[in-house]
Amino acid sequence: FAGAPTATIIGTSGEEVVITLGIIDNVNLDKTTKGEGTDVGDAAPNFVLEDGDGGIVRLDSFLGEKAVIVNFWASWCLFCLEEMPDLESVSQEFGDDLVILGVNNQETPGQGASYALDRGVTYPLLYFPKDDQVVKAYEVLAMPTTYYLDKNGVIVVRKLGFDTFEGI
C-alpha cells in the first residue's frame, strides 16, 4: 500500500485510527478451494473503501451475515445510472439478507453521489483511490460490472453490463 490514500477515523475508545484504502489481505474470504480471483467459485478480492460520509466499509465485514452485490459504476455510464433504481429495489426487497455496495469508478463523492441520489439510491456508495487497484483486482473491463457474492464471499455470478430487476 505504499503511497495509497488513507482515512482517519475515531475508534471506539476515542483514539484516532488511520486506515489504508484499497485492496487488503483476503483473510476471511478463503472459503473456496479455488482461491482468490474474479471467476465464479473464487473468493472475491477483499477491500476497504471509504463511503461518501468518510466512513470505512470492509467487504469481509459482511461475511457470514449477508450475500453481497458489488456493483462498479460511474456517473458517465448511462447503463450504470439506468440500472440503479432496479438495484435499489432489490436492496429494499432483500435488505435483511443482502447488501449492495455501489463502487464508484474514480469519482469523488461530490461528483458521483448526486447522480445516485437523483435515482433514489440508499445502498452504500463507496469510492476508491485513483490508482485503480480495486478495478484491477476485480478485472473491471466494462461499466457496469457486477459481482454477486454468497455469504462466504465466494463469487456466484459475474455480470458485465446492464441488468434489470428480474436479472438481478
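Residues numbered from 1 in each chain as written. Predicted model: local features only at pLDDT ≥ 70, side-chain atom pairs only at ≥ 80, totals over all residues. Heavy atoms only, no water.

Enquirer: Describe the packing of aromatic side chains, with residues and values.
Expert: All told, the structure shown has four aromatic pairs when counted by the stated rule. Between F72 and Y138 the ring centres are 5.3 Å apart and the planes differ by 50 degrees, which places this aromatic pair in the tilted class. Here Y138 lies in the loop between helix 3 (133–137) and strand 9 (145–149) and F72 lies in strand 6 (residues 67–73), a separation of 66 residues in the sequence. Each member of the pair, F72 together with Y138, is buried. Their ring planes at 70 degrees and their centres at 5.0 Å tell us that Y138 and Y147 sit as a pair that is edge-to-face. (Phe/Tyr/Trp six-rings, centres within 6.5 Å; stacked < 30°, edge-to-face > 60°. Helix = DSSP H or I, 4+ residues; strand = E, 2+ residues; numbered from the N terminus. Buried < 20%, exposed > 50% of the residue type's maximum accessible area, 1.4 Å probe, protein only.)

Enquirer: Residue-level account of the side chain of N71, with values.
Expert: Residue placement: N71 occurs in strand 6. Using a relative accessible area of 0% as the deciding quantity, one classes N71 as buried. With sequence-adjacent residues up to four places away left out, N71 is seen in contact with E83, L87, L101, G102, V103, P144, T145 and T146. (Contact = heavy atoms within 4.5 Å.)

Enquirer: Break down helix 2 (residues 109–118) for me, citing the residues and quoting the values.
Expert: Within the span of helix 2, buried status applies to G112, A113 and A116. The buried side chains of helix 2 occupy one side of the element, clustering within an arc of 100 degrees when seen end-on. Across from the buried face of helix 2, at angles greater than 90 degrees, the exposed residues are G110 and D118. Directly after helix 2, the chain includes G120, whose backbone phi takes a positive value near 75 degrees. (Arc of directions from axis to C-beta.)

Keep in mind these numbers describe shape, not what the thing actually does.
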